[in-house]
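# Notes for the structure review
Each chain, letter by letter, is given below.
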Amino acid sequence: MPHGIRLTKLSLYVPIVAAFVLMYYGYWKMWAVYSPAVGRDGSVHLRDLLAVAVRAAEAGGDAVREVRDSSTLNAKSKGKTREGAQELYTEGDLRSHRRMTSLFGNTFPNVKVISEEHDDAKLDTSQLWDYTIPEEIQEKIKSIETVPEQSITVWIDPLDATQEYSERLDHFVTTMVCVAVNGKPTIGVIHKPFSKFTVWAVVGQASNVKPRASYSENDPTIIVSRSHSGTVQSYTKKAFGKNTNIIPAGGAGYKVLSLLDLGKDKQPDMADIYMHVTFIKKWDICAGNAILEALGGHLTTLNGDNIDYKDSPSNEGGLIASIGVDHQKLLVKLPERESLGLKQK
């Protein structure tokens, strides 16, 4: 040992302690960015995404009911829609938004989430996924397929049918989550808060619902928006005849559910086709699109185009949704939207 240098026990332990500190910091930093639900390679299990989507929709539904029970809706107007109707939001929308977005943000911090509502509140750290996969999902989803987190866009509608919610027409109300992968609707969840009933599907894998045994293609019952039913009724009757049966209803989620085999106790209205002829946001329709596609159905623009769910929230092309019928034959019957003075896509 060189003259004048003495090694104490403390100086021997310092490098060891420093190594442990660096290892702990690296471990903490890795999980702070990726979370246990995301693989080291940035991959996410579709089954995990489905479980979180179901939990988020139900957590949002809990908030919607709590606000209703406390009579603190505090309904306010965001402004008017293009059709001139007041666009409302309530305390139920906001609380549901915070729970649903927090659950996804805490579980998948690098996944893009787009919600109808916006606020400056930080993520609610109490909204955590416990990594439990519901038994029904375990039974039906056997394939453990993964997707890169950067390919995912999550669309959240924290309270669909806000106008009807404010009017206590609660059977129209839903909370919805859609997971799009590379812009394609892949996972859809629609939850009815007041009956606590949840529909989910994964394209190419499974669903907890099914289509009805038969649908009418030549004399269909068509479900449309109650907020501007006059315009869509005129358009629909030009396509399918003046005696076409039309059901005005609230909420895009509710209208998609009307096409499925759910029974009157879960879904009061039953229709063969869902149509919307004006501008609509993608958080309203992505979940329904995924569910219908998983069951062999279709949801397209009125021109027959598939809808891209990567970024822009706007769908200018209207929509027609069907299952159990020839979708192309329906498209052929549709008149030009210009005939009603509607903006073309």
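The following paragraphs examine the structure supplied in this document. (Residues numbered from 1 in each chain as written. Predicted model: local features only at pLDDT ≥ 70, side-chain atom pairs only at ≥ 80, totals over all residues. Heavy atoms only, no water.)

## Topic: the state of the cysteines
Here a disulfide denotes a covalent bond joining the sulfur atom of one cysteine to the sulfur atom of another. The final tally for this structure, using the stated rule, is one disulfide. Across the disulfide, cysteine 178 is cross-linked to cysteine 286 (sulfur-sulfur distance 2.1 Å). As the torsion about the S-S bond is roughly -40°, the cysteine 178-cysteine 286 disulfide counts as left-handed. Of this pair, cysteine 178 sits in strand β7 (residues 174-181) while cysteine 286 sits in helix α8 (residues 282-294), and the two are 108 residues apart along the sequence. One exposure class covers both cysteine 178 and cysteine 286, and it is buried. (Disulfide = S-S within 2.5 Å. Helix = DSSP H or I, 4+ residues; strand = E, 2+ residues; numbered from the N terminus. Buried < 20%, exposed > 50% of the residue type's maximum accessible area, 1.4 Å probe, protein only.)

## Focus on the sheet that holds β7
With respect to topology, six strands assemble into an open sheet ordered β4-β6-β7-β8-β9-β10, the strand pairing being mixed. On the outer flanks of this sheet lie β4 (112-115) and β10 (206-207), each paired with one strand and no other. Sheet topology places strand β6 (residues 152-160) next to β7; seven bridges connect them, and they run antiparallel. Along β7, the bridge assignment pairs aspartate 160 with threonine 174. Most of the contacts of helix α3 (residues 91-107) go to β6, to which it runs at about 155°, and overall it touches β4, β6 and β7. (Pairing = 2+ DSSP bridges. Contact = heavy atoms within 4.5 Å. Axes fitted to C-alpha atoms, helices over the stretch in contact; angles between N-to-C directions.)

## Notes on α8
Taking 1.5 Å per residue as the helical rise, α8 with its 13 residues ought to reach 18 Å, and the 18 Å between its terminal C-alpha atoms agrees with that figure. For α8, the buried fraction is high: 11 of the 13 residues fall into the buried class. The complete set of buried residues in α8 reads Lys282, Trp283, Asp284, Ile285, Cys286, Ala287, Gly288, Asn289, Ala290, Ile291 and Leu292. Of the residues trailing α8, glycine 296 is marked for its positive phi of about 90°. (Expected span 1.5 Å × (residues − 1).)

## Notes on the environment of isoleucine 247
Inspection of the secondary structure puts isoleucine 247 in strand β12 (residues 245-249). Each C-alpha atom of the pair isoleucine 247 and alanine 271 lies 7.8 Å from the other, and the pair is 24 residues apart in sequence. Excluding residues within four positions of it along the chain, isoleucine 247 makes contact with Thr221, Ile222, Ile223, Val224, Asp269 and Met270.

## Structural notes on the pairing of β7
Successive residues of a regular strand alternate their side chains across the two faces of the sheet. For β7, a buried count of eight out of eight residues is recorded, marking the element as mostly surrounded by other parts of the structure. Covered by surrounding structure in β7 are Thr174, Met176, Cys178 and Ala180 together with Thr175, Val177, Val179 and Val181, the residues of both alternating faces. Pairing analysis gives seven bridges linking β7 to strand β8 (residues 184-192), with the strands arranged antiparallel. Within β8, the residue paired with methionine 176 across the bridge is isoleucine 190. Hairpin connection of β7 to β8: two residues between the antiparallel strands, including asparagine 182 at a positive phi of 55°.

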